[in-house]
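# Per-entry structural report
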Protein chains: 2
Amino acid sequence: MGKGQAAPEGAHAHHHHHHEPHEAEQLIAHAEQVCREKGLQFTPLRRRVFERLAASAGPLGAYDLVEQLGRERRISPISVYRALEFLMEAGLIHRIALRNTYLPCAHEHGAGETTVFLVCSTCGNVDELASSEIARDLAGTAAQVGFRPVSRAVELEGECQSCRESE
Amino acid sequence: MGKGQAAPEGAHAHHHHHHEPHEAEQLIAHAEQVCREKGLQFTPLRRRVFERLAASAGPLGAYDLVEQLGRERRISPISVYRALEFLMEAGLIHRIALRNTYLPCAHEHGAGETTVFLVCSTCGNVDELASSEIARDLAGTAAQVGFRPVSRAVELEGECQSCRESE
DNA sequence: GTCCCTGCTGTTATATTGTAACCGCAACGG
DNA sequence: CCGTTGCGGTTACAATATAACAGCAGGGAC
Ligand SMILES: [Zn+2]
Ligand SMILES: [Zn+2]
Ligand SMILES: [Zn+2]
Ligand SMILES: [Zn+2]
């Protein structure tokens, strides 16, 4: 589909994430460390998938990755999905359910925090925030009916500040 | 795929929603009223789609509806999707992003409330709760970074009480 | 060494979910 | 009558995701 950012690379017109080479390197270094610590294999394929996500200006769809990685050598969708599954289980990336896209995790996740994804309908960027209030309220809401949550998807769709400022 | 509940119909083994004929009728009556009030057309197709959702023990996928409605007369996916889109815009049904399924709305939605969906991984049922605390927290979180939310998806995946009690 | 087991990836084919484009038709108001 | 609008039928297709099976490398067990 082409969910990658159409935003002008290099231009600093608005707030954005992990497309600076520097930020990408940081993310990759972090991923390496996490895998070392957890005894997980950061294989070449998984690394390539993660690198693409880290280098992207915004979240990518699985088939964006298939296409981008396929420029060098043909990669099948299933391989990409397997890498994405690994990265998600390792906590290195997130999936945006509203868009069927994936993005590298921007920060450490505390146990008592819920991650909130702010998905801009205009520019496609996704911001990731953590909130312990929401974590507490969600836990309370679930407890009301005896529900034991295992995973959470909290996603807001709307317009980000920079898009709003440029109308 | 068959996302409809495999749960035993008729047996009241666990907490469930809108599969009693009575509840289904209530939902349909409510939908009729909403459409009348808003000047929307509750056409036969839209009604059939809604009826199926109202009669189901759990959320249904679009192709579940295609199959169920197709028993009488072939209905194309696009028609079902159009009906679903209408029903969502009318606020009569919700879509569960984590599962790509649809379910009738169980209650009125206040302006200052956020709906939380509790999706049981075991039985597939979805419970719908409203929380003004979460609405407030989400608004606050979004405001921190100047984000203006338009729609929200707050979905917890886990185990519901009845499934937990029967281990 | 050989054997087996596990984890990772490749290959092929398929399933599932969602849309585009175009058309006919009925209703409604000129 | 005529144009417009909304609804839904038909066909074809796009986008997302998974199943099933095979090879291969590494690491122990024997
Ligand atoms: Zn994160
Ligand atoms: Zn934006
Ligand atoms: Zn509702
Ligand atoms: Zn359950």
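The rules behind these values
Residues numbered from 1 in each chain as written. Chains lettered and ligands numbered in written order. Predicted model: local features only at pLDDT ≥ 70, side-chain atom pairs only at ≥ 80, totals over all residues. Heavy atoms only, no water. Contact = heavy atoms within 4.5 Å. Buried area = accessible area lost by both parts, 1.4 Å probe. Salt bridge = Lys/Arg side-chain N within 4 Å of Asp/Glu carboxyl O. Helix = DSSP H or I, 4+ residues; strand = E, 2+ residues; numbered from the N terminus. Nonpolar A, V, L, I, M, F, W, Y, C, P; charged D, E, K, R; others polar. Pairing = 2+ DSSP bridges. Domains from an automatic or database assignment. Polar contact = N/O pair within 3.5 Å; in protein donor to acceptor, adjacent residues only side chain to side chain. Donors = N, O, S within 2.8 Å, 3.2 Å for Na, K, Ca; no water. Tetrahedral: all angles 85-135°; square planar, octahedral: opposite > 155°, others 65-115°. Buried < 20%, exposed > 50% of the residue type's maximum accessible area, 1.4 Å probe, protein only.

## Focus on the interface of chain B and chain A
Taken residue by residue, the interface counts 34 residues in chain B and 34 residues in chain A. Summing both partners gives a buried area of about 2,900 Å² for chain B against chain A, and 65% of it is carried by carbon and sulfur. The interface formed by chain B and chain A contains zero salt bridges. At the level of secondary structure, the elements contributing two or more residues to the side of chain B that touches chain A comprise strand S3 (114–120), strand S4 (126–131), helix H5 (132–144), strand S5 (148–159) and helix H6 (161–165) of chain B. In terms of residue count, the dominant contributor to the side of chain B that touches chain A is S5(B) (twelve residues). Residue composition of the side of chain B that touches chain A, by class: 18 nonpolar, seven polar and nine charged. Two strands pair when backbone bridges link them, and strand S6 (residues 148–159) of chain A and S5(B) are joined in this way by eleven bridges, in the antiparallel orientation.

## Some points on the domain arrangement of chain A
All names here are of chain A. Examined at the domain level, chain A breaks down into domain 1 (18–104) and domain 2 (108–165). Listed as interface residues are twelve residues of domain 1 and, on the opposing side, twelve residues of domain 2. Summing both partners gives a buried area of about 940 Å² for domain 1 against domain 2, and 54% of it is carried by carbon and sulfur. The salt bridge partner of Glu157 is Arg99, with a shortest N-O separation of 2.9 Å. The interface formed by domain 1 and domain 2 holds six residue pairs in polar contact (both at pLDDT 80 or more) in total. The set of elements that each furnish at least two residues to the side of domain 1 that touches domain 2 consists of strand S2 (93–96) and strand S3 (101–104). Examining the composition of the side of domain 1 that touches domain 2, we find that three residues originate from one element, S2, more than from any other.

## Overview of the coordination of the zinc ion (ligand 1)
All names here are of chain A. The zinc ion (ligand 1) binds to the protein through His94 (NE2), Cys105 (SG), His109 (NE2) and Glu128 (OE); the donor distances cover 1.7 to 2.2 Å. With four donor atoms in place around the zinc ion (ligand 1) and angles of 96 to 140° between them, the coordination shape is irregular. Spacing between the donor residues of the zinc ion (ligand 1) along their common chain follows H-x10-C-x3-H-x18-E. Here His94 is found in strand S2, whereas its partner His109 is found in the loop between S3 and strand S4 (114–120), with 15 residues between them in sequence. On the accessibility criterion, His109 (36% relative accessible area) is partly exposed.

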